[in-house]
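# Examining the three-dimensional arrangement
Spelled out from the first residue to the last, the chains are:
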Amino acid sequence: MREVTYRYVAPSTVSGTADERAVMLATAGGRSANPAFFSGFAEQPTLTARALLTIAEVARTRYFDPGAASRSRDPVVTSNMDVLRFESLSACNGVYARFDLEADAVDGTFLNWGTTNVDLNNPMRTALAGITDAEPLRLTVGRDELTVDTLDGTVVERRVPLPDRWVRGFAEVTVAAGAMMPIRAVAAGPARRILRELPRLRAKRPGWVTWTPQGARLTSTPHDTAVFLAGPQRLGSVGRLIPLVQGLRLYAPPPAHRAGVGGRASSQRAAQPSAWELVFDGARLVLVLSPEVYRGFSGEGGILTALAHTDPDDLAAAARLLHGQSMIDPAPLADELSVDPSTAWSVFHALGGAGRVGFDLASGGFFHRDLPFERRALDELQPRLGDARELVAAGAVTFDGASASVRSGDTRYLVRRDADVSRCTCPWFAKHRGERGPCKHVIAADLARAEVHS
Amino acid sequence: MSLDRRLVDAIVAEDPEQVRDLLTAATEKQRRAADDPLRDELQHVIPPRDPLPERRRTALLAILGTSTSKTLRAFHLARFGIPVPPAVAVLEARPAAIRSAMLKAATSDVLLRWLWPVAFDFIRRDQFTRPDTAEYAEGALGHVFGVDWRWPMDRSNPTDEQWIDGVRERLSDPDLADELFAAFRHEEPLVGLSTARRRPVEAALVRAAGDGAIQRSRLLDECLDGHLRDFRPSATRMFARLWDELAPTHDELVARQHRITRVGSAQDPGAQLLALTALGALLDGGETVDPAQASAVAAAALSGTTKKLATSALRFLDRLATIGPDPAVTAALSGVGHPRADVQEASLAFVERNLSRVSDPLTVRQDVLAWADAVEPQLRALLDDVTGIAATGNEPVGPDGDRREIARRVAALSAPQLADAGLHDIDPTVPTLPPPVTFDPWSPPVLSPQRATTRIDDPAELAEAVVAWMAGSVDGIDVERILDGLARLGAASAGTAAASAVRTQRERLRETSGTFADATPIVWLADAWLDRRPPQPLPFVRRRARWFGGRADVVGDLVKPRVPSNARRYWLGLTAYDGTRFPAHPAAFGAVRMWEVAHHLAEGQSRQLLATPTHRGGWIAPADLCHRLEEMQRRRLTPDRFDAVQALLRIAPGVADGLGDRLVAVGTDPARAAASILGHHARVRDEGLQRAARIRVDLGLPAASRRPGSQPHHAPQHALRWPDIADAGERRRDDPVGILLTALATPPDEIRWWHDANVLLAGADHTAMSRATTALPRFPDLYGAAVATTVAFDLGANRSSDADHVALATLIDPDVPLGPGAHAGLAIALTARNETLATVAADLTIAAIDDGRLDHVVLGELLATLVNEGVGLLSRPASRLSNVAEHSLLHADAVRRVWMTTLAALETLPRDLHAPLEGLLAAGTRCQRGVDDDGARSFLEQLATGNSKRASLARTLLELPTVWDDVAPELLAIAGRLTRAERWAAQLAGVT
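Residues numbered from 1 in each chain as written. Chains lettered and ligands numbered in written order. Predicted model: local features only at pLDDT ≥ 70, side-chain atom pairs only at ≥ 80, totals over all residues. Heavy atoms only, no water.

Counting secondary structure elements, chain B contains 54 helices and zero strands. Of all 992 residues assigned to chain B, the portion counted as buried reaches 59%. Counted over contacts in chain B with a minimum sequence separation of 6, partners at least 24 positions apart contribute 74%. (Helix = DSSP H or I, 4+ residues; strand = E, 2+ residues; numbered from the N terminus. Buried < 20%, exposed > 50% of the residue type's maximum accessible area, 1.4 Å probe, protein only. Contact = heavy atoms within 4.5 Å.)

Looking now at the interface of chain B and chain A. Taken together, the contact pairs 64 residues of chain B with 53 residues of chain A. Between chain B and chain A the total buried area reaches about 4,800 Å² when both faces are included, carbon and sulfur atoms providing 46% of it. Taken together, chain B and chain A are joined by ten salt bridges. Of the charged contacts, one joins B:Asp230 and A:Arg240 as a salt bridge, the two residues approaching to 2.6 Å between their closest N and O atoms. Elements with a contribution of two residues or more to the side of chain B that touches chain A: helix H19 (291-302), helix H27 (459-470), helix H29 (497-513), helix H43 (766-772), helix H45 (802-810) and helix H47 (835-850) of chain B. Looking at the side of chain B that touches chain A, its residues break down into 22 nonpolar, 24 polar and 18 charged. (Buried area = accessible area lost by both parts, 1.4 Å probe. Salt bridge = Lys/Arg side-chain N within 4 Å of Asp/Glu carboxyl O. Nonpolar A, V, L, I, M, F, W, Y, C, P; charged D, E, K, R; others polar.)

The subject of this paragraph is the sheet that holds strand S17 (residues 247-252) of chain A. Residues and elements named next belong to chain A. Spatial strand order, S4-S10-S6-S7-S8-S19-S18-S17-S13: nine strands in an open sheet with antiparallel pairing. Only two strands of the sheet have a single partner each, and these edge strands are strand S4 (27-28) and strand S13 (181-187). The pairing of strand S6 (residues 76-79) with strand S7 (residues 83-89) spans four bridges and is classified as antiparallel. If you follow Ser79 over to S7, its bridge partner there is Leu84. Its contacts with the sheet place helix H1 (residues 45-60) against S7, strand S8 (95-102), strand S18 (274-280) and strand S19 (283-289), and it is angled at close to 155° to S8. Against the sheet, helix H5 (residues 188-197) contacts S13, S17 and S18, and its axis sits at roughly 105° relative to S13. (Pairing = 2+ DSSP bridges. Axes fitted to C-alpha atoms, helices over the stretch in contact; angles between N-to-C directions.)

The next thing to look at is the nonpolar core. In globular proteins that are soluble, nonpolar side chains generally tend to be buried together. All names here are of chain B. Ranked by size, the top nonpolar core spans 127 residues in total, and within it Phe145, Phe184, Leu205 and Leu317 carry the most contacts. Top contributing element to this core by residue count: helix H18 (residues 269-284), with eight residues. Excluding anything up to four places from it in sequence, Phe184 contacts Leu141, Leu190, Leu193, Leu205, Glu222, Arg229, Phe231, Met238 and Phe239. (Core = buried A, V, L, I, M, F, W, Y, C linked by side-chain atoms within 4.5 Å.)

The next point concerns unusual backbone geometry. Negative phi is the rule for most residues except glycine; trans is the rule for most peptide bonds. If you check the backbone angles, A:Asn93 has positive phi at about 75° while not being a glycine. With respect to the helices, strands and loops of the structure, A:Asn93 is situated in the loop between S7 and S8. Despite not being glycine, B:Gln928 has its phi angle at roughly 60°, a positive value. Residue classification places B:Gln928 among the partly exposed positions, given a relative accessible area of 23%.

Turning our attention to the sheet that holds strand S9 (residues 106-110) of chain A. Strand pairing in a sheet relies on backbone hydrogen bonds, with the paired strands running either antiparallel or parallel. Residues and elements named next belong to chain A. Strands sit in the order S2-S3-S11-S5-S9 across an open sheet of five strands; the sheet is mixed. Both outer strands of the open sheet, strand S2 (13-16) and S9, are each paired with one neighbouring strand and no more. Across the sheet, the mean angle separating the axes of adjacent strands is 15° when strand polarity is ignored. Examined bridge by bridge, S2 and strand S3 (residues 21-25) share four bridges and lie antiparallel to one another. Within S3, the position partnered with Ser15 by the bridge is Ala22. Of the strands in this sheet, S2 and S3 touch helix H2 (residues 122-129), which is tilted by about 150° from S3.

All right, on to the pattern of salt bridges then. Per the stated rule, a full pass over the model turns up 93 salt bridges over all chains. The closest approach of N and O atoms between B:Asp121 and B:Arg125, which form a salt bridge, is 2.8 Å. In this structure B:Arg125 comes out as partly exposed when scored by relative accessible area, which is 32%. The salt bridge involving B:Arg229 is made with B:Glu222; its shortest N-O contact spans 2.6 Å. Given a relative accessible area of 6%, B:Arg229 falls into the buried group. A relative accessible area of 4% means that B:Glu222 is categorised as buried. Overlapping salt bridges bring together A:Glu57, A:Arg60, A:Arg125, A:Arg240, B:Glu187, B:Glu188, B:Asp230 and B:Arg232 as one network.

Moving on, we get to the environment of B:Arg185. Residues and elements named next belong to chain B. With respect to the element layout, Arg185 can be found in the loop between helix H11 (174-183) and helix H12 (187-195). Among the residues examined, Arg185 registers a relative accessible area of 42% and is labelled partly exposed. Along the backbone, Arg185 and Ala137 are 48 residues apart, and their C-alpha atoms lie at a distance of 8.5 Å. Beyond its immediate sequence surroundings of up to four residues, Arg185 is in contact with Glu222, Arg229 and Phe231.

Let's shift gears to helix H15 (residues 233-246) of chain B. Residue and element names in this part refer to chain B. Compared with the 20 Å implied by 1.5 Å per residue over 14 residues, the 20 Å span of H15 between its first and last C-alpha is a close match. Here H15 lies mainly inside the structure; ten of its 14 residues are buried. Of the positions making up H15, those classed as buried are Ser234, Ala235, Thr236, Met238, Phe239, Ala240, Arg241, Leu242, Trp243 and Leu246. Just downstream of H15 lies Ala247, where phi reads positive at about 45°. (Expected span 1.5 Å × (residues − 1).)

So, about the packing of aromatic side chains. Residue and element names in this part refer to chain A. Scanning the model with the defined rule gives 15 aromatic pairs over all chains in all. Centre to centre, the rings of Phe359 and Phe366 are 5.1 Å apart; their planes meet at 85°, and the pair counts as edge-to-face. Phe359 gets classed as buried once you look at its relative accessible area, which sits at 8%. Phe366 gets classed as buried once you look at its relative accessible area, which sits at 0%. (Phe/Tyr/Trp six-rings, centres within 6.5 Å; stacked < 30°, edge-to-face > 60°.)

Next comes the structure, spelled out in structure tokens:
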């Protein structure tokens, strides 16, 4: 397991007088060692402070197996020059949170674009908890070089384990969100009620959130306008924001994808991720929940198909187009990449899998966000894809008409196409029925077939 | 004498000073050499069960001097601590590297927490750097509050008073007091402290503050700061309790007013209550409070879910409104969206009362409107008063509710079709609520093409399905399809590439399942398929032996009147299964059928199974069964006995001409049994087949002549009368709840079913239960009864099994009739504590109301019976049924009727009576129907006197008007039944 070293020139602080509070967020990593992104005032101090606390809470929480020891990784902040995005992923990999503070909600200057880690330490959290709208809030993300020079050189350095699966989970959220569509928009009143009541449900099994005139309830039966929800208590992180919520938007995979691509038994439901977007004036907070409490995003495998079929040259060309944009629609870029629009989307999904872009559900497009971690080769980040490539290289794939036989160890697995879905006789497929991405045998068969065709 | 021997002597003499002297005088080499022998000796001188606290403390000291930080943690004598000064001396004698490692471990390793005081000694002398970690803080708290505070049952523990004195004494050390306050800055240790109610932690701190051991002001500040650290409530709970025990004076509150206001905006309900109480006290004391900031505290409290907190907030706002009405009213708006109707009502009333005081009433009205969607229906009038805008009426019923549309749909159906849907005498021009729909399980088009199952014809698909079965991701019908596929294709496909994956998965299953009984039959099949190995006699289903106990249960009872005398021995694994005895459990019944298939696979024989369902739900089309029997006879194959029994239990109605004669002509016993089930006279020799055939007739399968939907047929509902219940109770006085539910679920002359239903679910997992529901498609009501009997034994337990969910979810299918057993299961599930089961119950209620299957009288009486018997709460079903009532006007009306029946049948006044009263009020308001049941009105009239909340609710209910010109619920009810009739008609058109 690798480690990440957060090297802040000084800790984040909240300071100021009764007339003005100043939040100084320390940064580390990214395009420079300690980049500076923003300096100005937050129009809604309470909202900003509570949202940052929510981001910090998600980062330090293990929603699955909470007793297990874990070290939280610092949130990351992205400046797209017209929006600040604070993101975190829970220690269990199952909950992703992002707070978007748009230009309308701040009064100040965006200094630079990029992505960096941000320090939300314990004293900082204490200070943030006491911020109210009574006094203006000065917000600084990263110190400018002049300020850094005047500091006494007290560097805050923390080393935290950085498992591949956590990095992969962070990237996989982009793919999960990219496959979602809006399901429901809820007004302020019912939204606050829903966010109060759902986390209190002690349902041990997942269910579907369905809508009632006063709010929502959990049901055991899926239907098109319902949203799958496992572990409602995971929504509890947004509790402190409920009084400020102006609306709630729900996103989930389209109904066509809900039965599970592999034809799960009729009495068993296909688990899915869901996104809960809390709407405020000039700001949004999105929680993306993994399909099950015990499932982190890292194992979802949604990116594998895109990665397997994306030309590395296309990927590199697309990466060259990134320069801090807050909204990227891949379709118009297809010409520049010399690919068709659907391939362009696939290329950007692959970039998402590499942690180079995020997906904004509200705008329906990608945004540039290079995760500030050392990136390994894609194959290393995605062991299933790497294994599949090894199988192809070892000549383990043979074809018999439409079916492929993939030898893995002493076992031969049969991969066949059934109604545009590849099926395999391996235990992974048997267990997940394609809900967690293709197995390595299916990927290997696809790669080998592509080689044959080319 | 060696060092270890001398140490042992000193330990036995319980002399720590001597141990210290021995260790400090020795070289490190001698100390390390003594480590292993010393540990061995200690096993003899300190018996495991003998406390010997002083001896253990002395031994710990010796171990500290001889071991390393790694070996130290393996020694479990730490319960009584270690003498600190000698331990410090011993550690100082150790080499610096070992000492440092031990101190580091002492401040970070939970197993070495007992060494914390020694590390603290080094830290306070600046000989070791103080770590600012949660682990160190936890050690500090453990030391301050006594290392034994987690073990209250220990007889050597002091009394509370002695314990408090000990804490106070330790806190008189200022360095240790500083450590205490530093520990308060860590979340995890506080969680342990806040949840440790075994010791009066707060009382000890208050006593220490009172004696001046620690500063009271510092403690008060910490109580507030603790709430401002964004810790979770479980960590800060202690601070709220401590604040209460400290009982701050007026001056102390004044000095902290600003911080108290900040505390109030925290997310923690405890902090909010603290702030509200303190700010209220300041107001009472004549202090000036900033209305805007104080209102923010109240708004935060109203944004929670707790009624007590919300009520406190509204009381506080009442006082605040006199000095700052604008922020107070704005804060009260948060309460309009509260989950509880009474808080919503109080908040709206507050806004209405203070509307004249605010500077901009129009804006307030608009703000209230933003909450309108979240307001309970019974408060709409109040909402109208506040906003000045009349609420809209009922939501449009939609095209289904249109009378002309309904008349057209009625005209398009035949009389039998209407009768099957419970619409015999419907007059669309004068819509009235039709009675509950009752129908036999075969009345739906169970053999329609839409319900046909597919069979597996491809070896790759078969292999994939077998692997999926082994991975546990198949349901009951899948299992039957796989068995069928193996029986037909297994012999020829064992050597294919596809089977290779099964082989690997089989080995994994063997490794992971061990002796797990449920995996055994699958391994039988895999062995027989892949290696031609016959199934071995195995001692399986051991865990089921616990409940089996030699008694009869469902399928065993069905196929044979008596259980074999050696059945218990068989299930205990003492007698090998020999393929002839009858299984005694649906899951075991299924396993025995797998055993039969495995035998054929081992012999390389392929065959079509008789019992494979042709249609969902487990039904077999008679014509298909006839064809299978004929084919078997043509190939001169002998039908398997249990395959045949299962096939007979699954025969669906619907007979083609001449089918009986063809079956008789086949001549085998199973064929004759099938013929007899379908109405032909045929002599059956096998006892089990005879019994299966009789079961079909006993349970009411009509003779062959009837085609589904061809004539109106209404199964009689078993009357649920108290005498039957009482009679059942007489038979088993020791188990009143079980008997009660049995009686509710069971026709009086078949009382044995209660036990059968109970064991049906015992130990079954998702797949087994899902398969079991297809074993006897004739009697779906059994599964509801099964849920009732399994869950009812402990309604307060927050647990439920896969089997309960699957059984209850089976009843959601609109084509499964709901009999008494199903209603009992529903009532119990609605009353159960388990939220997941209750969710399925609410779904079932909604579905059953949709198409008219729910008998609100039966459900209402059941809920009342549970309360009358003292086993059920009304608040739980009230909460679930309020969700149901929100679904539509029809559902609101149905819930209203359920509650009216329940109230009329109540023999006691339960404490949570307000819950159904509120539910009835919300449902009645929503569907614009008052209380029109005489029994319920009589009950409410008795209740309506006095000033209690329930009396007030009763009076409101009695005055609730009915809008008779709005027949929306009735129209929706008819539309729901028509939808069923139309669906059946369409599906029957495809039945041949």
